[in-house]
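So the chains spell out like this:
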Amino acid sequence: MSEELVIKKGYKESPFGLIPEDWEVQQIGSFADVSTGGTPSTKVPEYWNGEIPWMNSGEINLRRIKEVEGRITEEGLNNSSARLFKRGTVFMALAGQGKTRGKVAMTEIDTCTNQSLAGIYNFKNVSNEFLFQNLESRYSEIRKMSTGDGGRGGLNLSIIKSIKLLLPPLPEQQKIAEILSTVDDKIEIIEERIQQTQELKKGLMQRLLTKGIGHTKFKDSPLGEIPDSWEVVRLENVAKCFVGIASSATHAYDSQGILLIRNQNIKEGYLDLNDVLYVKSDYEEQHKRKRLKSGDILTMRTGYPGVSAVVPENLEGCQSFTTLITRITTDKLKSSFLCFYINSEIGKSFFLGKQAGGAQKNVGTTSLKTMELPIPSVKEQDEITEILTSVDDKIESLYDKKSTCQKLKKGLMQQLLTGKKRVKV
């Protein structure tokens, strides 16, 4: 069967496969100008702290640039390679060993940028919103176009100008962009609600973990003013603190065996098991005294020291890798309450002050044992935990909604930006 016979009516061949007959393939350089920004000399104070917005490459993560931190003066603009890009410019990060390179953003203000960002502007018969959505959907592909090796690679103006796009007629571009930006708006609203709810939780934790519920009588303590009926104890007097199996376990990693929980699995209030390792059973047997029990609290020692989660029943008998383990030894303290306390601003301040070591600072069991904490009645601990857990549930629900919207947008991009699904204009 010839190739022509399998081409769907109304479609044609292109470097992207079959596309609608009225769509075109163009390079960015054929319909827009592309330029880098610049940085006025930091040795000249008169160039800085003026009225002209100046964007650094890290701010590309904002996606929609409504405001930037930096400011330069008219003198700084005129005496450097900096240039003022008009609102509606699409920016792409040229460099960055992390995730920055290849990211895009669109500005809603006039702004200058540093030389690590390229502005795409002066569009001819192309929607800037359509270009932004298109380039964002191709982040991984664009990163692979970088020159150089690995993380040190970078993009340049020639590469950006040579990027090919599938372009429907302008009215269809605008309709596609409108659909995708509507989903963006929904995601942004959800993100704002997440942030608001997290701030609510932060305030609730500060209040409930120091003032409790319904108290009228208070007393001074080493932790400040607390309810009169509460007591303050050192952690070592109500719990056993130790460290999971040591770094020597790396030689015993296996594709199956005993589940091993590491620092990266510990999130604030829960364990993320999407990326776990296992250790061989014979090696684990040598360290059976460190097997986790339901209710144990696992705490990160490095990276984000103090972030903690409670071990659920289904993970009892597993092992942890160099994490701090707190095992409560009294019926006066509940694991869930202690975990909320460690994750609070109070607990984080304690860990921040106890970090020690070189480049990779950490907190050890000796320091952890000295933590002082307030203990309400078990009944009040349960009440406090219930309130904070309900807020956590709300935050989780919002993250689920955000994930659903992101999946919806990804599916729409795959259909609309390739012409597989047409929109009515």
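Residues numbered from 1 in each chain as written. Predicted model: local features only at pLDDT ≥ 70, side-chain atom pairs only at ≥ 80, totals over all residues. Heavy atoms only, no water.

A. Main features of the sheet that holds strand 5 (residues 48-55). The sheet built from three strands is open, its strands ordered 7-5-10 with mixed pairing. The outermost strands of the open sheet, each flanked by one partner alone, are strand 7 (70-72) and strand 10 (112-113). Across four bridges, the pairing between strand 5 and strand 7 is antiparallel. Directly across from Ile 52, in strand 7, lies its bridge partner Ile 72. (Pairing = 2+ DSSP bridges. Helix = DSSP H or I, 4+ residues; strand = E, 2+ residues; numbered from the N terminus.)

B. Main features of the pattern of salt bridges. This model, assessed by the stated rule, comprises 25 salt bridges. The residue Lys 409 makes a salt bridge to Glu 136 at a minimum N-O spacing of 3.3 Å. Here the residue Lys 409 occupies a position in helix 11 (residues 378-416), and Glu 136 occupies one in helix 3 (residues 128-137), the gap between them amounting to 273 residues. The buried category is assigned to Lys 409, whose relative accessible area is 8%. Ionic contacts of the salt-bridge type, sharing partners, join the residues Arg 63, Arg 64, Glu 129, Glu 136, Asp 184 and Lys 409 into one network. (Salt bridge = Lys/Arg side-chain N within 4 Å of Asp/Glu carboxyl O. Buried < 20%, exposed > 50% of the residue type's maximum accessible area, 1.4 Å probe, protein only.)

C. Region of interest: the nonpolar core. Residues Ile 28, Ile 120 and Leu 135 are the most contacted members of the largest nonpolar core, which totals 40 residues. With seven residues, helix 6 (residues 170-211) is the single largest residue contributor to this core. The contact partners of Ile 120, leaving out residues within four places of it in the chain, are Ile 28, Ala 32, Asp 33, Val 34, Thr 89, Val 90, Leu 131, Leu 135 and Ile 160. (Core = buried A, V, L, I, M, F, W, Y, C linked by side-chain atoms within 4.5 Å. Contact = heavy atoms within 4.5 Å.)

D. Fine view of the environment of Phe 218. With respect to the helices and strands, the residue Phe 218 is situated in strand 13 (residues 218-219). Phe 218 sits in the partly exposed class, given a relative accessible area of 28%. Distance from Phe 218 to Gln 319, taken between C-alpha atoms, is 42 Å for residues 101 residues apart in sequence. Apart from residues no more than four positions distant in its own chain, Phe 218 is found in contact with Lys 211, Glu 225, Ile 226, Pro 227 and Asp 228.

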